[in-house]
Amino acid sequence: MISDRLRRIKPSGVRRIFDLARQMKDPINLSIGEPDFDIPGPLKEEGIEWIRRGFNKYTPTQGIPELREKIAHHLKKKGVQFDEVMVTAGVTGGLLLASLALINPGDEVVIPDPYFVMYEYQVLLMGGVPVFVDTYPDFRLREEALAGALSKRTKFIVINSPNNPTGAVYPEEDLAGVARMARERDLLVLSDDIYDNFVFDQPSCPCLGQIYERTITFGGFSKGWAMTGWRLGYVAGPREIIQQMITLQQYTFSSVSSFAQKAAVKALDFNVDHYIDGYKRKRDLIYEGLKEKYRVQKPGGAFYIFPEVPGGNGEAFVEKAIEQNLFIIPGTVFSKKNTHVRISFAATEERLLRGIEVLNRIG
Ligand code: PLP
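Residues numbered from 1 in each chain as written. Predicted model: local features only at pLDDT ≥ 70, side-chain atom pairs only at ≥ 80, totals over all residues. Heavy atoms only, no water.

Student: Describe the overall build of the protein chain, listing the residues and the values that go with them.
Tutor: Along the protein chain, the regular secondary structure elements total 13 helices and twelve strands. For 363 residues, the compact-globule estimate of 2.2 N^0.38 gives 21 Å, and the protein chain sits close to it at 20 Å. C-alpha atoms of the protein chain, sized along the principal axes, occupy 55 × 50 × 50 Å. Looking at the protein chain residue by residue over its 363 residues, the buried ones come to 56%. Pairs at least 24 apart in sequence give 77% of the contacts found in the protein chain among residues at least 6 apart. Put simply, the protein chain shows about 16000 Å² of open surface, and 50% of that area lies on carbon and sulfur atoms. (Helix = DSSP H or I, 4+ residues; strand = E, 2+ residues; numbered from the N terminus. Rg over C-alpha atoms; globule rule 2.2 N^0.38 Å. Buried < 20%, exposed > 50% of the residue type's maximum accessible area, 1.4 Å probe, protein only. Contact = heavy atoms within 4.5 Å. Areas by Shrake-Rupley, 256 points an atom, 1.4 Å probe, with all protein chains shown as cover.)

Student: Describe the environment of R342, and please don't skip the residues or the numbers.
Tutor: On the secondary structure map, R342 appears in strand 12 (residues 341-344). Exposure remark for R342: the relative accessible area of 5% places this residue in the buried category. For the pair formed by R342 and E184, sequence separation is 158 residues and the distance between their alpha carbons is 35 Å. Beyond its immediate chain neighbours, meaning those up to four positions away, R342 contacts L30, S31, I32, G33, N164, P165, Y304, I305, F306, I328, I329 and F334. Among the polar contacts made by the side chain of R342, one reaches the main-chain carbonyl oxygen of S31 at a distance of 2.9 Å. (Polar contact = N/O pair within 3.5 Å; in protein donor to acceptor, adjacent residues only side chain to side chain.)

Student: Kindly report on the sheet that holds strand 5 (residues 154-160), identifying the contributing residues and their values.
Tutor: As summarised here, the arrangement of the seven strands in space is 2-8-7-6-5-3-4, forming an open sheet in which the pairing is mixed. A single partner strand is all that each edge strand has here, and the edge strands are strand 2 (84-88) and strand 4 (129-134). The mean inter-strand angle of the sheet, taken between neighbouring strand axes irrespective of direction, is 20 degrees. Where strand 6 (residues 188-192) lies against strand 7 (residues 215-220), four bridges are found, and the strand directions are parallel. Looking across to strand 7, one finds that L190 is bridged to I216. (Pairing = 2+ DSSP bridges. Axes fitted to C-alpha atoms, helices over the stretch in contact; angles between N-to-C directions.)

Student: Let's hear about the sheet that holds strand 9 (residues 304-305): which residues, and what values?
Tutor: Strands belonging to one sheet form pairs held by backbone hydrogen bonds; the direction of such a pair is parallel or antiparallel. One open sheet holds the three strands; their spatial order is 9-12-11, and the pairing between them is antiparallel. Lying at the two open borders of the sheet, with one neighbouring strand each, are strand 9 and strand 11 (329-330). Note that strand 9 and strand 12 share two bridges and pair antiparallel. Bridged to Y304 within strand 12 is S344.

Student: Report on the site of the ligand, specifying residues and quantitative values.
Tutor: The ligand sits among 13 residues. The nearest are V91, T92, D192, S222 and K223. Within the side chain of Y195, an N or O atom sits 2.7 Å from an oxygen atom of the ligand. Relative to its free-state accessible area of 400 Å², the ligand is covered by the protein chains to the extent of 93%. In terms of residue count, helix 5 (residues 90-102) provides more of the shell around the ligand than any other element does, three residues in total. (Near = heavy atom within 4 Å.)

Student: Describe the environment of K337, naming the residues involved and giving the relevant values.
Tutor: Along the polypeptide, K337 turns up in the loop between strand 11 and strand 12. Its relative accessible area of 31% is what places K337 among the partly exposed residues. K337 sits 204 residues away from V133 along the chain, and the two C-alpha atoms are 12 Å apart. If near-sequence neighbours (up to four positions away) are discounted, K337 is found in contact with D134, Y136, G331 and T332.

In short, shape yes, function no, at least from these values alone.
Put into structure tokens, the structure is as follows:
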């Protein structure tokens, strides 16, 4: 009954942990992958206003013109190279369209490990083969490691900086290495920049689209403006690919949320620096709180920290944390290795301090 395609998708091995977590009552929850602030008030009002005005119908498949122009302007200001932009149902929707448009069965897709879970499953869904590049222990992307993963069957490379789950921001040197190798082989690179306004130690986030013309850049409104439930993102890149993705969107999503697009036009001009400053303080709090007991990299962006656990068994460690009422995610959700755990610092400082106390007690 079920398609062959889905047979390649195995149920998660960590279901037991999520079952345990579901039974927790009022946990110290440091597992969450979305901001702990709400959509800023003026942007909510903008969305509500457009609903009231009756802007509630289908929109053009590729997105409303004023939002596409705004995104194009935003990316040009950042120095990102592209020749077409479309609006998508979150980065998730954009990634799915790109996978549908690009991956043939047997094609290899190179993914630095640890990685955002969706990349692996979308490749598998298309009959592709994910090829992982180990970036432990410092989560840098080295040319030698990348070279070892590339083959004649490589279709594209996926880059995600700032990174979920490690919080790593690739330095320009690493991005230059990716661009060099991709250019030599005329490869596409998909750059998931969804956390690009969450950077703590530099004025802005370097991204691959600034230095490599065959980049497909993904961005969105879920993280920077807390619009996770409004499902809005965008993709920018080479015209022939984006055009195909627009055709695919027509036959899949049709178009994306109308009022959310109107609010997003305002979001790109809406300054969220004070939220980012708050997240930097949380980053410092958790890093300082863990660094004595844990081998841990200081995250440069996003809102995750990815320490190695004492004893080297991430899943067993998470079970121990759950017994102490702390919910964090085992690294195996994001990696082929079971040595680390992901802790989200998208939480109140009070909750973070309680989490740090437990982690120091059980670590
Ligand atoms: N890409 C990364 C790296 C993420 O961490 C997430 C959400 O957690 C997404 C994409 C999904 O974003 P969206 O809400 O825009 O679909």
